[in-house]
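Structural description and commentary
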Amino acid sequence: MPRVVGIRAAAHSSEGFDRIVFDVEGPLPGYDIRYVPEVVADGSGKLVAMPGRRYLQVVLRPAQGHDDEGEHAVTGRHDLGFPMLKGYVVAGDFEGVLTIALGLDDVVGYRVGELPGHIYIDVAA
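Now for a quick tour of the structure. (Residues numbered from 1 in each chain as written. Predicted model: local features only at pLDDT ≥ 70, side-chain atom pairs only at ≥ 80, totals over all residues. Heavy atoms only, no water.)

1. Looking at the packing of aromatic side chains
On inspection of all chains with the given rule, the structure shows 1 aromatic pair. Note on Tyr-35 and Tyr-110: the rings are 6.0 Å apart at their centroids and 70° apart in plane angle, and the pair reads as edge-to-face. Pair noted here: Tyr-35 is in strand S3 (residues 30–36) and Tyr-110 is in strand S8 (residues 110–115), with a separation of 75 residues, a long-range link. By relative accessible area, Tyr-110 is classed as partly exposed at 33%. The side chain of Arg-19 reaches across the aromatic face of Tyr-120, ending 4.3 Å from its centre. Taking NZ or CZ as reference, Arg-111 lies 5.1 Å from the ring centre of Phe-17, over its face. (Phe/Tyr/Trp six-rings, centres within 6.5 Å; stacked < 30°, edge-to-face > 60°. Helix = DSSP H or I, 4+ residues; strand = E, 2+ residues; numbered from the N terminus. Buried < 20%, exposed > 50% of the residue type's maximum accessible area, 1.4 Å probe, protein only. Lys NZ or Arg CZ within 6 Å of the ring centre and 35° of its normal.)

Structure follows, in structure tokens:
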């Protein structure tokens, strides 16, 4: 099963976007990316405290953020404070579904790309 082993982000202000990259071990998973009004933790159904004012939810399937021993490679909330990308939260890692929510300053256009071992999302800044 594909495993996300790292998440990296950077502001590219001179190019007009912020980027987040998911480093994937194994084949790239499928993904569904869309704006949501709130972020809910997988399993518990509790609302997740998010950075930013708008939320872009990324669901990777099949994928996991942990190894076979249960050690998590990606987890938690990460505040970034970039021009548009304010941070991200790993909202779920259960039964082959990995959910990561991006906290943005506003609803903006975004593009998704794939490179060997990586899925990236650029959000307009």
